[in-house]
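Architecture and fold: a report
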Amino acid sequence: MKAKISLSSLAVEVDFSKGNDISIPLNFNGSQPNTFGVDKATSKPYQDGQFIGDTRKGGPCNFETYSFTPHCNGTHTECIGHITDERITILSSLQEQMIPSTLISVTPKNTTENYKPELNTEDLVITKEDLKSQLEHVKSEFLKGLIIRTLP
């Protein structure tokens, strides 16, 4: 499916059949991103008495129980509620179905910038300097949404 979209004075064509996955896949029980040393993401077949949710173990169907911390175990979406006292959800933040956005790719690094909580010497972060340099030439109509891809 293709669409032509007008945004201010700019016309763009979007081919929805050719999306690009920019996520880092979450491999439950395998190699995966990890922040702050939280427990690794895990999955296990649901079990209740004699019932097990794994056809390989004699169950009638497959379904699993997952344990993970989205902010620390992999790719996730944030909104202003990530840094405010008020619990604002991503869904309540979306007022439009399609949001003109800019995608930037950054490699987290050590920094002397100030953060709360204080950083450990091995902590890698996305710096204000990197954000400014990536965004300085982006037109304002493409800053309604910001997609930050961190490179491993």
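This text gives an overview of the structure that appears in the document. All values derive from a computational prediction rather than experimental measurement.

1. A few points about the overall build of the protein
Counting its secondary structure elements, the protein contains three helices and eight strands. When its helices and strands are written in sequence order, the protein yields β-β-β-β-β-β-α-α-β-α-β. Dimensions of the protein along its principal axes, counting C-alpha atoms only, are 65 × 50 × 30 Å. Pairs at least 24 residues apart make up 44% of the contacts formed inside the protein by residues separated by at least 6 positions. Summed over its atoms, the accessible surface of the protein is roughly 12100 Å², and 53% of this surface lies on carbon and sulfur atoms. Once the 15 positive and 19 negative side-chain charges of the protein are each reduced to a mean point, those two points are 5 Å apart.

2. Things to note about unusual backbone geometry
Non-glycine residue Asn29 carries a positive phi angle of around 70°. Mapped onto the secondary structure, Asn29 falls in the loop between strand E2 (10–15) and strand E3 (42–45). For Asn29, a relative accessible area of 49% gives the class partly exposed.

3. Regarding the packing of aromatic side chains
Under the defined criterion, the tally for this structure stands at five aromatic pairs. Pairing Tyr46 with Phe63 gives two aromatic rings, centres 5.2 Å apart and planes at 20°, and the pair type is stacked. Residue Tyr46 is found in the loop between E3 and strand E4 (47–48), and its partner Phe63 is found in the loop between strand E5 (51–52) and strand E6 (64–67); the two are separated by 17 residues along the sequence. For Phe63, a relative accessible area of 35% gives the class partly exposed. Put simply, the rings of Phe28, Tyr66 and Phe68 pair up and form one aromatic cluster.

What counts, and where the lines are drawn
- Residues numbered from 1 in each chain as written.
- Predicted model: local features only at pLDDT ≥ 70, side-chain atom pairs only at ≥ 80, totals over all residues.
- Heavy atoms only, no water.
- Helix = DSSP H or I, 4+ residues; strand = E, 2+ residues; numbered from the N terminus.
- Contact = heavy atoms within 4.5 Å.
- Areas by Shrake-Rupley, 256 points an atom, 1.4 Å probe, with all protein chains shown as cover.
- Lys, Arg positive; Asp, Glu negative; His and termini not counted.
- Charge placed at Lys NZ, Arg CZ, Asp CG, Glu CD.
- Buried < 20%, exposed > 50% of the residue type's maximum accessible area, 1.4 Å probe, protein only.
- Phe/Tyr/Trp six-rings, centres within 6.5 Å; stacked < 30°, edge-to-face > 60°.

Everything listed here is a matter of coordinates, which is why it stays silent on function.
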